[in-house]
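# Overview (structure and organization)
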Amino acid sequence: MRFVWTVVWAFLLSLMAAYVISNMTGSDFSFLQTVVMTVVFSGTAFALGEGLIKEEA
């Protein structure tokens, strides 16, 4: 379930970032950019959460 919520939040944050960046640059909104950023953000969160960051005993 945590993976589903990670992808949902990554999508929402990517959607917001792509919208703001496209408006600031004056270019068209690209949904493909949103999907790519979602994959990158989700992959980073999964890698950090499952492997790179360990809890100390």
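Everything that follows concerns the structure shown earlier in this document.
Below is a short write-up of the structure. Because the structure is a prediction, the values reported are computed rather than measured. (Residues numbered from 1 in each chain as written. Predicted model: local features only at pLDDT ≥ 70, side-chain atom pairs only at ≥ 80, totals over all residues. Heavy atoms only, no water.)

## Thoughts on the overall build of the protein chain
- In terms of regular secondary structure, the protein chain is built from 2 helices and 0 strands.
- Taken against the 2.2 N^0.38 rule, which gives 10 Å for 57 residues, the C-alpha radius of gyration of the protein chain at 14 Å runs more than 25% over that of a compact globule.
- By principal-axis analysis of the C-alpha atoms, the protein chain measures approximately 50 × 20 × 15 Å.
- Across the 57 residues that make up the protein chain, the buried fraction comes to 16%. (Helix = DSSP H or I, 4+ residues; strand = E, 2+ residues; numbered from the N terminus. Rg over C-alpha atoms; globule rule 2.2 N^0.38 Å. Buried < 20%, exposed > 50% of the residue type's maximum accessible area, 1.4 Å probe, protein only.)

## Observations concerning the side chain of S14
- On the secondary structure map, S14 appears in helix α1 (residues 2-25).
- Excluding anything up to four places from it in sequence, S14 contacts T34, M37, T38 and F41. (Contact = heavy atoms within 4.5 Å.)

## Description of α1
- Between the first and last C-alpha of α1 there are 34 Å, a value that for 24 residues agrees with the 34 Å anticipated at 1.5 Å per step.
- All of the buried residues in α1 are A10, S14, A17, A18 and S22.
- Residues of α1 that are buried in the fold lie against α2 (31-52). (Expected span 1.5 Å × (residues − 1).)

## Let's talk about the pattern of salt bridges
- This model, assessed by the stated rule, comprises 1 salt bridge.
- For R2, the salt bridge identified is with E50, shortest N-O distance 2.8 Å. Of this pair, R2 sits in helix α1 while E50 sits in helix α2, and the two are 48 residues apart along the sequence. (Salt bridge = Lys/Arg side-chain N within 4 Å of Asp/Glu carboxyl O.)

## Quick word on the packing of α1 against α2
- Put simply, α1 and α2 touch, their axes get as near as 8 Å, and they point 135° apart. Considering their axes alone, α1 and α2 lie oblique with respect to each other. Crossing of α1 over α2 shows right-handed handedness. In this structure, α1 contributes R2, F3, T6, V7, A10, F11, S14, L15, A17 and A18 to the contact, and α2 contributes F31, Q33, T34, M37, T38, F41, S42, A45, F46 and E50.
- Residues of the contact of α1 with α2, tallied by class, amount to 12 nonpolar, 6 polar and 2 charged. (Axes fitted to C-alpha atoms, helices over the stretch in contact; angles between N-to-C directions. Parallel < 35°, antiparallel > 145°, perpendicular 65-115°, else oblique. Left-handed = near helix turned anticlockwise from the far one by under 90°. Nonpolar A, V, L, I, M, F, W, Y, C, P; charged D, E, K, R; others polar.)

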